Amino acid sequence: MQFNKVLDDVKIYEAGKPIELVVREYGVDAKDIIKLASNENPYGTSPKVTKKVQEIAKNMFMYPDDSMFELKEALANKFKVESSNIIMGSGSDQILEFAIHAKCDKNSKLLMSNVTFAMYEIYGKQTGATIIRTEDDEHNLDQFRKLYKEHKPDMVFLCLPNNPLGECLDTKDVYEFLEEIDEKTLVVVDGAYHEYAAFKDEKKKIVVDELISKFPNVIYLGTFSKAYALGGMRVGYGIAKKEIIQNLYKLRPPFNITTLSLAAAVEALKDEEFVVDCIRKNFEQMKRYEEYAKTKGFSFIESYTNFIAIKFDKMYNSSEVAQNLLQEGIIVRDLTSYKVNAIRITIGSDEQNTKVLKVLDEVLKKLK
Ligand SMILES: *Cc1c(COP(=O)(O)O)cnc(C)c1O
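All values derive from a computational prediction rather than experimental measurement. (Residues numbered from 1 in each chain as written. Predicted model: local features only at pLDDT ≥ 70, side-chain atom pairs only at ≥ 80, totals over all residues. Heavy atoms only, no water.)

**A few points about the pairing of strand β5 (residues 155–159)**
Part 1 of the argument: Where burial is concerned, most of β5 is hidden: five out of the five residues are buried.
Part 2 of the argument: Burial of the side chains of β5 extends over both faces: M155, F157 and C159 are buried on one face and V156 and L158 on the other.
Part 3 of the argument: Where strand β3 (residues 109–112) lies against β5, two bridges are found, and the strand directions are parallel. Paired with L111 across the bridge in β5 is V156. (Buried < 20%, exposed > 50% of the residue type's maximum accessible area, 1.4 Å probe, protein only. Helix = DSSP H or I, 4+ residues; strand = E, 2+ residues; numbered from the N terminus. Pairing = 2+ DSSP bridges.)

Given below as structure tokens:
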């Protein structure tokens, strides 16, 4: 059967392995499995949010409020923008899909860092567009500038901080770069881990209302999946000037956020204390991985997120390490598919990290 030709070149996204798969394939007891592969918040969801979702469950026979009034109001307040500057998506993934499909066709070009979030390329190729990548793995704005001048891309992607490597550009440098970009080019600033970066270093902080008023060709993406601990609820948002948002709305299916998800997100925004506490613990725990990497002589990228990428250089093969961890019930992300010999580990809870570091050490000794 013939399908749309552009799909010949589209790879299927490989999500972090679910716990159920490890139970089935390796016979590890579900309660012993540690999943640190998808950058979920290891402290679970705020109890206030869980309670709210239970209360609201009785309404699930009805369609959700498609205007998403309450959640958009809450986000508009938080970011000091208007509701009309916001579009909600089933994860910020869906906003990426809207933005790329709204802007691109087979003649378009997309510019991104060499090693960055895989969905930029996947959605891009769905439109038949051409992908242009920098040479360096980590974001390098001079390379972005050069390629921008050479190719005049229709879209530019800045992942701040970057998944899967963890680095983050300074906001001052991002602004300088954005000054040089033509208004015809749509720039995506993906802030999926922005809460972490802004907490760790003031220089990384992006003020969203300032960003979109200074640069009317920018869309900022945020998500409830990471710091807000709602990965299973699928809620993300895009913030941009009205004209951009209205065009994205043309692609939005009705009721794309469920009633339970809307309620959970509204409640999560009321409990910022929980989020800050999780972020603080995240960076405390991250130090343990940094120390471990140092003692082993592995390089790692300074991370502004809730994960760390540890590089094995020529010492080990990251797929082998990941595979061996998996057999012990520890799920991490091998970065071989990104052509990087590294594993990405989501920073877990204190107890999880103790176990991961112990098992990792055993695995490395075995593979020596
Ligand atoms: C997790 C992630 C997203 C979106 O996640 P959703 O769960 O779809 O909101 C977007 N960009 C990056 C870089 C991510 O890591």
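**Some words on the nonpolar core**
As a rule of thumb, soluble globular proteins bury nonpolar side chains together.
Part 1 of the argument: Counting 89 residues, the largest nonpolar core has L71 and F224 as its most contacted members.
Part 2 of the argument: A per-element tally of this core places helix α12 (residues 272–296) first, with nine residues.
Part 3 of the argument: Looking at this core, you find at least three residues from each of domain 1 (8–44 + 273–367) and domain 2 (47–271).
Part 4 of the argument: Residues within four places of F224 in sequence aside, it is in contact with L71, L75, A229, L230, G231, V235, Y237, A265, A268 and L269. (Core = buried A, V, L, I, M, F, W, Y, C linked by side-chain atoms within 4.5 Å. Domains from an automatic or database assignment. Contact = heavy atoms within 4.5 Å.)

**Some details on the domain arrangement of the chain**
Part 1 of the argument: The assigned domain composition of the chain is domain 1 (8–44 + 273–367) and domain 2 (47–271).
Part 2 of the argument: Placing a centre on the C-alpha atoms of domain 1 and another on those of domain 2 gives a separation of 25 Å.
Part 3 of the argument: Taken together, both faces of the contact between domain 1 and domain 2 bury some 2,700 Å²; the carbon and sulfur share is 68%.
Part 4 of the argument: Three residues, I279, Y304 and Y338, lead the burial of domain 1 against domain 2; their summed loss comes to 24% of the area buried on that side.
Part 5 of the argument: Two residues, E302 and K200, come together in a salt bridge whose shortest N-O distance is 3.1 Å.
Part 6 of the argument: Scanning the region where domain 1 abuts domain 2 turns up eleven residue pairs in polar contact (both at pLDDT 80 or more).
Part 7 of the argument: Broken down by secondary-structure element, the contributors of at least two residues to the side of domain 1 that touches domain 2 are α12 and β10 (307–311).
Part 8 of the argument: A per-element tally of the side of domain 1 that touches domain 2 places α12 first, with eight residues. (Buried area = accessible area lost by both parts, 1.4 Å probe. Salt bridge = Lys/Arg side-chain N within 4 Å of Asp/Glu carboxyl O. Polar contact = N/O pair within 3.5 Å; in protein donor to acceptor, adjacent residues only side chain to side chain.)

**Some remarks on the environment of L357**
Part 1 of the argument: By secondary structure assignment, the location of L357 is in helix α14 (residues 350–367).
Part 2 of the argument: As for L357 and V321, which are separated by 36 residues in sequence, their C-alpha atoms are 13 Å apart.
Part 3 of the argument: Discounting chain neighbours no more than four positions away, the residues touching L357 are R288, Y289 and Y292.

**Details of the pairing of β10**
Part 1 of the argument: With respect to burial, β10 is a largely interior element, four of its five residues being buried.
Part 2 of the argument: Here strand β9 (residues 299–300) pairs with β10 via two bridges, running antiparallel. The partner of S299 across the bridge, within β10, is K311.
Part 3 of the argument: Counted between consecutive antiparallel strands, the loop separating β9 from β10 contains six residues.
Part 4 of the argument: As paired strands, β10 and strand β13 (residues 342–346) are joined by five bridges and run antiparallel to one another. Pairing of F307 across the sheet is with T346, part of β13.

**Examining a positive patch on the surface**
Part 1 of the argument: A contiguous patch of positive charge, built from K103, K149, K152 and K184, is present on the exposed surface.
Part 2 of the argument: Topologically, K184 is positioned in the loop between α7 (171–179) and β6 (186–190). (Patch = residues over 30% accessible without salt bridge, like charges linked within 9 Å, V, L, I, M, F, W, Y side chains within 5 Å. Areas by Shrake-Rupley, 256 points an atom, 1.4 Å probe, with all protein chains shown as cover. Lys, Arg positive; Asp, Glu negative; His and termini not counted. Charge placed at Lys NZ, Arg CZ, Asp CG, Glu CD.)

**Quick notes on the sheet that holds strand β12 (residues 333–334)**
Part 1 of the argument: Spatial ordering of the open sheet is given by β9-β10-β13-β12, a layout of four strands whose pairing is antiparallel. Strand pairing shows two members of the sheet lacking a second neighbour, β9 and β12, which therefore form its edges.
Part 2 of the argument: Relative to the sheet, α12 contacts β9, β10 and β13, its axis offset from that of β10 by approximately 5 degrees. (Axes fitted to C-alpha atoms, helices over the stretch in contact; angles between N-to-C directions.)

**Digging into the UniProt feature "modified residue: N6-(pyridoxal phosphate)lysine" (unreviewed entry) in the chain**
Part 1 of the argument: In the UniProt entry, the feature "modified residue: N6-(pyridoxal phosphate)lysine" (unreviewed entry) is given for K226.
Part 2 of the argument: Inspection of the secondary structure puts K226 in the loop between β7 (218–223) and β8 (236–239).
Part 3 of the argument: Excluding anything up to four places from it in sequence, K226 contacts S38, N39, N41, A192, Y193 and Y196. (UniProt positions renumbered as here; feature names shortened; annotations may be inferred.)

**Focus: the site of the ligand**
Part 1 of the argument: Of all residues adjacent to the ligand, which total 13 residues, the nearest are S92, D190, T223, S225 and K226.
Part 2 of the argument: With respect to the ligand, the side chain of D93 contributes an N or O atom lying 3.1 Å from an oxygen atom.
Part 3 of the argument: Take Y193: an N or O atom from its side chain is 2.7 Å from an oxygen atom of the ligand.
Part 4 of the argument: Its free accessible area being 380 Å², the ligand has 94% of it covered by the protein chains.
Part 5 of the argument: With respect to the detected pockets, the ligand is housed in the largest pocket. (Near = heavy atom within 4 Å. 1 Å grid on protein atoms, 1.4 Å probe; cavity = no way out; pocket = protein on both sides within 12 Å on 5 of 7 lines; lining within 4 Å. Sits in = over half its atoms within 2 Å of the grid points.)

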